[in-house]
Amino acid sequence: MKVILAGYNTDRQFGSDTPETISAAYARISRDPRPVWELRREAAGELASARRSNERIVFGFGHSSVAEHAVFNLDIAGISRYAAEALQSFRLASFMEKSQRYIRIDRGWVVPGELDRTRAAAFDAACLALFDIYSELADMLLQNGLPRESAREDARYALPLCTECQVGLTANARELEHMIRRLSAWPVAEIRDLAAALLEAVGPVAPSLFRYLSPVRMDSFAVGSAMTPRRLPGRPVTMTSWDTDAKIGTFLLAMRDGMTHGEAASAWRGMPPGGREALFSSALDGLGVHDALPRVWEMAHYAFDLSISSTAFAQLKRHRMATILPGSPFVGSGTVVPPSFPASARRLLEKGAALSEDCARSLPEGLRPYILLNAHRRAVSMSVNARELVHISRLREDSHAQWDIRGIASKMLALAKRRAPLTLSASGGKSSLER
């Protein structure tokens, strides 16, 4: 594992070499009448004072938003896909991950540090066999006429979650402190080591902005929820709760005509279908394919229970404006098989799944996901507002989207549109909307 501090924001005008002076200066804006650039000049010239100010305001007064003005860029390499999932579960950060879809993956995996020599050797042997199966699948699919990118994206279903990856991370100090504390609560050595490496990278640069780093009970609860294997729902996509068009329609009427919510709800109930369609058409007039819907669309919500592969989850987890509660993959959860696979490829994937599950059974339960495949299913609960659901549709129902997540998104939208056709009328992949 390697974590490198690639960059951070500094005061270019006044020559500070730490983001602490900017956060300290901005903290004073609410109480000091001087121009903000004077506050920056003073903070840049008095680092010790700026650090004391940060500690007093962020931790003494509890104004943690001050720490959000310090931003860090970090290179993270040599971590497993399993650890990357834990890292990317945080909402208020930006990530870019090495793609198994576009890149043919070289042999490289992370062996859990908790394993003794005998178990580690068996783990290595299983990984070696799985990477051989991955390579054989990639070559087989190419020979069957699949484009190179398609062959790679489907062969990766045979890769285990211990496969090495690298991530670019951008986050502010407040979110990094939260990440470090929560990652420290994981009962998995690699993830705790990642937390320590993050702190080692950013702590010396901005010591006044990182203090509350010991996990608390809520961190342990959150980690335990993410590690729990959950029984799979009977179908790939089940919608468990929803709003109808009345939810957004009522708000649109209230905003258009200055009504109370109660008055608007009554007016909506008395509105003919043509009037309702005109109301939504007017609100969406001029909406471009790359435009976000008006924020009022966030008032409608939809919840789903999903049974999806770890490959599909790797893409779904990027929609961090949704609330996503994943269960852990587990032995016996079954696999998703790419439709491009001929019978011989299916048998090869089945061989890999059986091999990975045999190895997993020899591991402590919390470490079993390391050796399970991208193909293995997991349960995911998801709640999303209508605005974000349309955004998911634009990206994931697009013709360029990967087939697995495209199928999941299409099922989600089909179910939701039955209940709210006007609210979700702007959904659909960008490729179809651009025609």
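Residues numbered from 1 in each chain as written. Predicted model: local features only at pLDDT ≥ 70, side-chain atom pairs only at ≥ 80, totals over all residues. Heavy atoms only, no water.

**Q** So what exactly am I meant to see when it comes to the overall build of the chain here?
**A** Counting its regular elements, the chain contains 17 helices and eight strands. Looking at the chain residue by residue over its 435 residues, the buried ones come to 49%. Counted over contacts in the chain with a minimum sequence separation of 6, partners at least 24 positions apart contribute 80%. A total of about 19900 Å² of accessible surface is found on the chain, and carbon and sulfur atoms cover 50% of it. Both charge centroids of the chain, one from 55 positive and one from 47 negative side chains, sit 3 Å from each other. (Helix = DSSP H or I, 4+ residues; strand = E, 2+ residues; numbered from the N terminus. Buried < 20%, exposed > 50% of the residue type's maximum accessible area, 1.4 Å probe, protein only. Contact = heavy atoms within 4.5 Å. Areas by Shrake-Rupley, 256 points an atom, 1.4 Å probe, with all protein chains shown as cover. Lys, Arg positive; Asp, Glu negative; His and termini not counted. Charge placed at Lys NZ, Arg CZ, Asp CG, Glu CD.)

**Q** Explain the side chain of Ser208 here, please?
**A** Inspection of the secondary structure puts Ser208 in the loop between helix 8 (189-202) and helix 9 (217-227). With a relative accessible area of 1%, Ser208 lands in the buried category. Only 2.7 Å separates the side chain of Ser208 from the side chain of Glu20, close enough to count as a polar contact. Polar side-chain contacts of Ser208 include one of 3.2 Å to the side chain of Asn54. (Polar contact = N/O pair within 3.5 Å; in protein donor to acceptor, adjacent residues only side chain to side chain.)

**Q** Looking at this model, I keep getting lost on the sheet that holds strand 1 (residues 2-8). Mind explaining?
**A** Note: strands within a sheet are paired through backbone hydrogen bonds, in either parallel or antiparallel orientation. Reading across the sheet, the four strands line up as 1-2-4-3 and stay open at both edges, with antiparallel pairing between neighbours. Pairing within the sheet leaves two strands with one partner each, and these edge strands are strand 1 and strand 3 (93-97). Along the sheet, successive strands turn relative to each other by an average axial angle of 20 degrees, direction set aside. The pairing of strand 3 with strand 4 (residues 164-172) spans five bridges and is antiparallel. Its bridge partner lying in strand 4, Met96 is registered against Gly168. Of the strands in this sheet, strand 2 (71-80), strand 3 and strand 4 touch helix 7 (residues 173-183), which is tilted by about 135 degrees from strand 4. On the sheet, helix 8 packs against strand 1, strand 2 and strand 4 and is oriented at approximately 150 degrees with respect to strand 2. (Pairing = 2+ DSSP bridges. Axes fitted to C-alpha atoms, helices over the stretch in contact; angles between N-to-C directions.)

**Q** In this structure, what is going on with the sheet that holds strand 6 (residues 301-309)? I would like to understand it.
**A** As summarised here, the arrangement of the four strands in space is 5-6-8-7, forming an open sheet in which the pairing is antiparallel. Every interior strand has two partners, whereas the edge strands, strand 5 (237-242) and strand 7 (323-326), have only one. Adjacent strand axes in the sheet meet at a mean angle of 15 degrees, parallel and antiparallel pairs treated alike. With nine bridges connecting them, strand 6 and strand 8 (residues 377-385) associate as antiparallel partners. When the bridges of strand 8 are listed, Tyr302 appears paired with Val384.

**Q** Quick question: what am I supposed to make of the nonpolar core here?
**A** If you look at soluble globular proteins, the nonpolar side chains tend to sit buried side by side. Counting 84 residues, the largest nonpolar core has Phe72, Leu87, Phe123, Leu169, Leu183 and Leu198 as its most contacted members. Ranked by residues supplied to this core, first place goes to helix 5 (residues 117-143) with twelve residues. Setting aside anything within four residues of it in sequence, one finds Leu87 in contact with Ile76, Phe95, Val167, Leu169, Met179, Leu183, Leu194 and Leu198. In terms of nonpolar packing, the next biggest core, distinct from the first, is built from 41 residues, Trp268, Met271, Ala322 and Ala416 among them. (Core = buried A, V, L, I, M, F, W, Y, C linked by side-chain atoms within 4.5 Å.)

**Q** How should the layout of surface pockets be read in this particular structure?
**A** Sizing a probe to match a water molecule and rolling it over the atoms shows the empty space that remains. Approximately 790 Å³ is the volume attributed to the largest pocket. Around the largest pocket, the lining comprises 29 residues; the ones closest to its centre are Ser89, Ala226, Ile324, Leu325 and Pro326. Looking at the lining of the largest pocket, the elements that each hand over two or more residues are helix 4 (81-87), helix 7, helix 9 and strand 7. A breakdown of the residues in the lining of the largest pocket according to their chemical character gives 14 nonpolar, seven polar and eight charged. For the second largest pocket, the calculated volume is near 490 Å³. Around the second largest pocket, the lining comprises 24 residues; the ones closest to its centre are Arg101, Tyr102, Gln315, Arg318 and Arg396. Elements that contribute at least two residues to the lining of the second largest pocket include exactly strand 3, helix 13 (310-316) and helix 15 (386-396). When its residues are assigned to classes, the lining of the second largest pocket shows six nonpolar, seven polar and eleven charged. (1 Å grid on protein atoms, 1.4 Å probe; cavity = no way out; pocket = protein on both sides within 12 Å on 5 of 7 lines; lining within 4 Å. Points joined across faces, edges and corners; volume = space filled by probe spheres on them. Nonpolar A, V, L, I, M, F, W, Y, C, P; charged D, E, K, R; others polar.)

**Q** Sorry if this is basic, but what is going on with the environment of Lys247 here?
**A** In this structure, Lys247 sits in helix 10 (residues 245-257). Aside from chain neighbours lying at most four places away, what touches Lys247 is Met299 and Ala300. At 3.3 Å, the side chain of Lys247 forms a polar contact with the backbone oxygen of Met299.

**Q** How should I be thinking about the environment of Arg91 in this particular structure?
**A** When you line up the elements, Arg91 lands in the loop between helix 4 and strand 3. Relative accessible area serves as the criterion here: at 38%, Arg91 is assigned to the partly exposed category. Remark: the alpha-carbon pair of Arg91 and Val216, spanning 125 residues in sequence, is separated by 19 Å. With residues up to four places along the chain from it excluded, the contact list for Arg91 reads Glu175, Arg320, Met321, Ala322 and Thr323.

**Q** Mind showing me how you'd approach the pattern of salt bridges here?
**A** Tallied over the full model, the rule gives 21 salt bridges. Between Arg28 and Glu42 there is a salt bridge, with its nearest N and O atoms 3.1 Å apart. Of this pair, Arg28 sits in the loop between helix 1 (20-27) and helix 2 (36-45) while Glu42 is found in helix 2, placing the two residues 14 residues apart along the sequence. Overall, Arg28 belongs to the buried group, its relative accessible area being 16%. Look at Glu42 and you get partly exposed, because its relative accessible area is 28%. Here Glu153 ties to Arg101 by a salt bridge, and the two come within 2.5 Å at their closest N and O atoms. Of this pair, Glu153 sits in helix 6 (residues 148-155) while Arg101 sits in the loop between strand 3 and helix 5, placing them 52 residues apart in sequence. Accessibility expressed as a relative area gives 7% for Glu153, which makes it buried. (Salt bridge = Lys/Arg side-chain N within 4 Å of Asp/Glu carboxyl O.)

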